[in-house]
Amino acid sequence: GDVIKVSYRPHDMDGPGWAMVIFTSPDLAKAARDRLHGKPIPGAPSLVAVEASLGEGLFGNLKGVNEQESVWKEARTPQGQVYYFHTVSRHSTW
C-alpha cells in the first residue's frame, strides 16, 4: 500500500487531536498534504479545518524548498524510474 504507518490521538480535554501518516514516498506525502490542508474536518464545527504539513520523518526534512535540506535525494534508474536514496544510511526506496 501507499501508507506505512498511521498514528492518531483524538481530541480531548488535554488538547486537540492529531494524526501522523507515514507514506511510502515523499510524492505521496506531498499529494496528501495538498489534498487535505485547509479542508473541513468531518463532524467538527464548520470553522475547524485540517492543518496538514510535511515534517521530519522517514524521508527527512520535506518542509524545505532547498533540496540540500533533506537527506533523501531523488534519483533515476537507467530506465528513467524515480527512486529515493538516503545519503546517510544509503537506503533506497521507490
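None of the values given here were measured: they were computed from a predicted structure. (Residues numbered from 1 in each chain as written. Predicted model: local features only at pLDDT ≥ 70, side-chain atom pairs only at ≥ 80, totals over all residues. Heavy atoms only, no water.)

S.K.: How should the pairing of strand β4 (residues 82-86) be read in this particular structure?
M.R.: Sheet faces and side chains relate simply in a regular strand, where the side chains alternate between the two faces. Across 5 bridges, the pairing between strand β3 (residues 72-76) and β4 is antiparallel. The residue bridging Lys-73 from the neighbouring strand is Phe-85, located in β4. In this antiparallel pair of consecutive strands, β3 and β4, the connection spans 5 residues, and Gly-80 shows a positive phi of 95°. Here β4 pairs with strand β5 (residues 92-93) via 2 bridges, running antiparallel. Opposite Tyr-84, over in β5, you have Thr-93 as the bridge partner. (Pairing = 2+ DSSP bridges. Helix = DSSP H or I, 4+ residues; strand = E, 2+ residues; numbered from the N terminus.)

S.K.: Where do I start with the sheet that holds β5 in this structure?
M.R.: Strand pairing in a sheet is mediated by backbone hydrogen bonds. Such pairs are either parallel or antiparallel. As summarised here, the arrangement of the 3 strands in space is β3-β4-β5, forming an open sheet in which the pairing is antiparallel. Both edges of this open sheet fall to β3 and β5, since each of them pairs with a single strand only.

S.K.: Please clarify how a nonpolar patch on the surface should be interpreted in this entry.
M.R.: A surface patch of nonpolar side chains, amounting to about 390 Å² of accessible area, comprises Val-3, Val-6, Tyr-8 and Val-21. Broken down by element, the nonpolar patch gets its largest block of residues, 3 residues, from strand β1 (residues 3-9). Relative to the helices and strands, Val-6 is located in strand β1. (Patch = residues over 30% accessible without salt bridge, like charges linked within 9 Å, V, L, I, M, F, W, Y side chains within 5 Å. Areas by Shrake-Rupley, 256 points an atom, 1.4 Å probe, with all protein chains shown as cover. Salt bridge = Lys/Arg side-chain N within 4 Å of Asp/Glu carboxyl O.)

S.K.: Sorry if this is basic, but what is going on with the environment of Gly-55 here?
M.R.: Considering the arrangement of structural elements, one finds Gly-55 in the loop between α1 (26-36) and β3. Taking the C-alpha atoms as reference, Gly-55 lies 9.9 Å from Ala-29; in sequence the two are 26 residues apart.

S.K.: Sorry, what's going on with α1 here?
M.R.: Helical geometry note: an α-helix holds 3.6 residues per turn, so side chains three or four residues apart project in the same direction. Taken together, the buried positions of α1 are Pro-26, Ala-29 and Ala-32. Seen end-on, α1 carries its buried residues on one side only, within an arc spanning 125°. Away from the buried face of α1 by more than 90 degrees, exposed residues Asp-34 and Arg-35 are located. As for α1, its buried residues are in contact with β2 (18-23) and β4. Positive phi shows up at Gly-38, right after α1, with a value of about 85°. (Buried < 20%, exposed > 50% of the residue type's maximum accessible area, 1.4 Å probe, protein only. Arc of directions from axis to C-beta. Contact = heavy atoms within 4.5 Å.)

S.K.: Would you explain the side chain of Thr-77 in this entry?
M.R.: One can find Thr-77 in the loop between β3 and β4. The contacts of Thr-77, once residues within four sequence positions are left out, are Tyr-83 and Trp-94.

S.K.: What should I look at first to understand the side chain of Ser-25 in this one?
M.R.: The residue Ser-25 is located in the loop between β2 and α1 in this model. Looking at Ser-25, the relative accessible area reads 8%, which means it is buried. Within polar-contact distance, the side chain of Ser-25 engages the backbone nitrogen of Leu-28 at 3.2 Å. (Polar contact = N/O pair within 3.5 Å; in protein donor to acceptor, adjacent residues only side chain to side chain.)

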